[in-house]
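Chains, contacts and geometry: an overview
Now for the letters of each chain:
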Amino acid sequence: QVQLVESGGGLVQPGGSLRLSCAASGSFFSIDTMGWYRQAPGKQRDLVAAITRGGSTNYADSVKGRFTISRDNAKNTVYLQMNSLKPEDTAVYYCNAVVVVLSIRTDSWGQGTQVTVSS
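Residues numbered from 1 in each chain as written. Predicted model: local features only at pLDDT ≥ 70, side-chain atom pairs only at ≥ 80, totals over all residues. Heavy atoms only, no water.

A word on the packing of aromatic side chains. If you walk through the whole model with that rule in mind, you get one aromatic pair. Positioned above the aromatic ring of Tyr 94 is the side chain of Arg 45, whose terminal nitrogen or guanidinium carbon lies 3.7 Å from the ring centre. Of note, Arg 45 hangs over the ring of Trp 109, and the distance from its end group to the ring centre comes to 4.9 Å. (Phe/Tyr/Trp six-rings, centres within 6.5 Å; stacked < 30°, edge-to-face > 60°. Lys NZ or Arg CZ within 6 Å of the ring centre and 35° of its normal.)

In structure tokens:
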């Protein structure tokens, strides 16, 4: 099982930046895919960005050009650099990790970190 702990959330003004971090720990050989999801009040949890172990990335259209996902495999940590933040980016951001063993996929989730973009 993978335990995930997010950090880096907070209050920022529109146009500002934040960097989220998610550190993974537990019993696993390697994490195949890590990603960030977000959920605003009254809305579903949506993918923000994901990155494979090899570095292939995928972004939601709403954050392309503004957010950058990266990972440090040696540290089992994934990051989300968020620039040019907008009020609509306000949400709880959740870290996700996918471990695949013998074709069985297991998802783990962090507790979430609040990101608030407001003047």
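Let's pick the thread back up.
Here the focus is the sheet that holds strand E8 (residues 77-82). With respect to topology, four strands assemble into an open sheet ordered E1-E3-E8-E7, the strand pairing being antiparallel. Looking at strand neighbours, the two that pair on one side only are strand E1 (2-7) and strand E7 (67-72), the edges of this open sheet. Averaged over neighbouring strand pairs, the angle between their axes works out to 15° when direction is ignored. Where E1 meets strand E3 (residues 18-26), six bridges bridge the pair, whose relative direction is antiparallel. Each bridged residue has a counterpart across the sheet, and for Val 2 the counterpart in E3 is Gly 26. (Pairing = 2+ DSSP bridges. Helix = DSSP H or I, 4+ residues; strand = E, 2+ residues; numbered from the N terminus. Axes fitted to C-alpha atoms, helices over the stretch in contact; angles between N-to-C directions.)

Attention shifts here to the side chain of Ser 21. Mapped onto the fold, Ser 21 is located in strand E3. Since its relative accessible area comes to 16%, Ser 21 is described here as buried. Among all residues touching Ser 21, those that are not within four sequence positions of it are Val 5, Glu 6, Ser 7, Trp 36, Val 78 and Tyr 79. (Buried < 20%, exposed > 50% of the residue type's maximum accessible area, 1.4 Å probe, protein only. Contact = heavy atoms within 4.5 Å.)

Before going further, it helps to examine the pattern of salt bridges. With the rule as written, the count across this model stands at three salt bridges. When the shortest N-O distance is used, the salt bridge between Asp 61 and Lys 64 registers 3.1 Å. In this structure Asp 61 comes out as exposed when scored by relative accessible area, which is 65%. Arg 66 is paired through a salt bridge with Asp 89; the nearest N and O atoms lie 2.8 Å apart. Taken together, the residues Arg 66 in the loop between strand E6 (57-59) and E7 and Asp 89 in the loop between E8 and strand E9 (91-101) connect sequence positions 23 residues apart. (Salt bridge = Lys/Arg side-chain N within 4 Å of Asp/Glu carboxyl O.)

On to the nonpolar core. Residues Trp 36, Leu 80, Met 82 and Tyr 93 are the most contacted members of the largest nonpolar core, which totals 31 residues. Elements with a minimum of two residues in this core: E1, E3, strand E4 (33-39), strand E5 (46-52), E7, E8, E9 and strand E11 (113-117). Aside from chain neighbours lying at most four places away, what touches Tyr 93 is Glu 6, Leu 20, Trp 36, Tyr 37, Arg 38, Val 48, Phe 67, Leu 80, Met 82, Gly 112, Thr 113 and Val 115. (Core = buried A, V, L, I, M, F, W, Y, C linked by side-chain atoms within 4.5 Å.)

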